[in-house]
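Coordinate inspection notes
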Amino acid sequence: MNLIVIIAATLVAGIGSVWLAALLLRVGVRSGSGGVNPQHLLSLAAGALLATAFMHLLPEAFESRIEPALLFTVLLFGLVFFFLLDKAELWHHGHEHHHDEAADAHEGHDHGHDHHGHAHSHAPSRTGGWAVLTGDSVHCFGDGILIASAFIADMRLGLVAAIAVLAHEVPHHIGDLVVLRQSSANQRAALIKVSLAGTMTMLGGIAGWWLVDQLHDWLPYFLVLAGSSFVYVALADLIPQLQKRLPARQTAAQILWLVAGIVLVTLVSRLAHGEHGHDHGHDEGHGQLGHVHKD
């Protein structure tokens, strides 16, 4: 049963985020007065990621009998690890999503520009498109492993992690679709390609389910690594894009959307807890962390 839920959740987070990104692009994602403001999406995603890491993943991991100093060491290692993967262009290829402004600034030029080491070229570039898809596939596979780890620990935790991944993947995929549409006249093909990359989330979920199930004693470490990933993406990637001098009204809007991300995760957690709370404290076949080690 756990595997079925993991597959469903990773499909929603992986492919659902792509389709939602395409819908928002269709509505119009722009930084002007109309359409969907990308700054709001980034704020929402940052709030969801931070809330998931600090209110759910890390507390769940610290309920184990493992020494807190060791788990903090793993947390530090995770932050450095994801920084190095970012540098190696393997983890995420940037969540800079001001493609409309960048396109205006570079219109008529042949050169692309790099966001976090990945070429997001607005000039037609077949190589740039495949670089985006490759980086996106690796990213999605890693997200699937993190979601599976959370589900194996606790059903409620898995749902929260899936929502957080979906929230931060939406602005991510908006950037992917913009890049691929610049390198191809076929918008439907761009959507299909990014959707296929999104299916890697499901494959990562299956791999994570098998791996964590085989190494259940290592589950707290997987949760800490998942938390470090969410913290890194939020603090090193999303929030820096929000650190701009803005009018008071726009700054207030950013804060409200950040809080909305935190509230969203909290509501999802409480709703899931209401549905699965009667199972909390009992091992109902999905190996909940904090219940096996208390037996």
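Residues numbered from 1 in each chain as written. Predicted model: local features only at pLDDT ≥ 70, side-chain atom pairs only at ≥ 80, totals over all residues. Heavy atoms only, no water.

**What about the overall build of the chain?**
The secondary structure content of the chain amounts to 10 helices and 2 strands. Helices and strands in the chain line up, N terminus first, as α-α-α-α-β-β-α-α-α-α-α-α. Within the chain, the fraction of its 295 residues that count as buried is 51%. Look at the contacts in the chain between residues 6 or more apart in sequence, and 80% of them connect residues 24 or more apart. Total accessible area on the chain stands at roughly 13,800 Å², and carbon and sulfur atoms take up 64% of it. (Helix = DSSP H or I, 4+ residues; strand = E, 2+ residues; numbered from the N terminus. Buried < 20%, exposed > 50% of the residue type's maximum accessible area, 1.4 Å probe, protein only. Contact = heavy atoms within 4.5 Å. Areas by Shrake-Rupley, 256 points an atom, 1.4 Å probe, with all protein chains shown as cover.)

**Observations regarding the packing of aromatic side chains**
In the structure shown here, the tally under the stated rule is 4 aromatic pairs. Each ring, one from F62 and one from F72, has its centre 5.0 Å from the other, and the planes form 55°; the classification is tilted. With F62 in helix α2 (residues 38-62) and F72 in helix α3 (residues 68-87), the pair connects residues that are 10 residues apart, well separated along the chain. Arranged with centres 5.7 Å apart and planes meeting at 15°, the rings of F77 and F81 form a pair that is stacked. Of this pair, F77 and F81 both sit in helix α3, separated by 4 residues, roughly a single helical turn. In this structure F81 comes out as partly exposed when scored by relative accessible area, which is 35%. Through a chain of ring-to-ring contacts, three or more aromatic side chains come together here, namely F77, F81 and F82. (Phe/Tyr/Trp six-rings, centres within 6.5 Å; stacked < 30°, edge-to-face > 60°.)

**A short note on α3**
With 20 residues, α3 ought to run about 28 Å at 1.5 Å a step, and its terminal C-alpha atoms sit 29 Å apart, in line with that. All of the buried residues in α3 are L71, V74, L75, G78, F82, L85 and D86. Relative to the axis of α3, the buried residues are bounded by an arc of 105° and lie together on one face. Those residues of α3 that are exposed and angled more than 90 degrees off the buried face are A69, L76, F77 and K87. The inward-facing, buried residues of α3 abut α2 and α9 (219-242). (Expected span 1.5 Å × (residues − 1). Arc of directions from axis to C-beta.)

**Details of the pattern of salt bridges**
Any two side chains of opposite charge can pair, given that their charged atoms come close. Scanning the model with the defined rule gives 1 salt bridge in all. A salt bridge links R156 to D154, with the shortest nitrogen-to-oxygen separation between them at 3.7 Å. Residue R156 shares its accessibility class with D154, and that shared class is buried. (Salt bridge = Lys/Arg side-chain N within 4 Å of Asp/Glu carboxyl O.)

**A look at the nonpolar core**
Counting residues in each nonpolar core, the largest one holds 58 residues, and the members touching the most others are I174 and F230. Counting only elements with at least two residues in this core, the list comes to α1 (2-27), α2, α3, α5 (126-153), α6 (155-183), α7 (187-198) and α9. Per-element tally for this core: the top contributor is α6, with 12 residues. In contact with F230, other than residues within four places in its own chain, are L49, T52, A53, L57, L146, A161, A164 and V165. Formed by 6 residues, the second largest nonpolar core is a distinct cluster that contains A48, A51, A167 and V265. (Core = buried A, V, L, I, M, F, W, Y, C linked by side-chain atoms within 4.5 Å.)

**Looking at the confidence of the model for the chain**
Of all residues in the chain, 72% have pLDDT values of 70 or greater, and the mean over the chain is 75. Counting contacts from residues 92-128, a segment whose pLDDT is below 50, to residues more than four positions away or on other chains yields 81 contacts. When the criterion is pLDDT under 50, residues 275-295 qualifies, and its contacts beyond four places in sequence or with other chains add up to 39 contacts. (pLDDT = per-residue confidence, 0-100.)

**Topic: the environment of I145**
For I145, the position within the fold is in helix α5. Looking at I145, the relative accessible area reads 21%, which means it is partly exposed. Taking C-alpha positions, I145 is 4.8 Å from G204, a pair spaced 59 residues apart along the chain. With near-sequence residues (within four places) excluded, I145 lies in contact with G204, G205 and G208.

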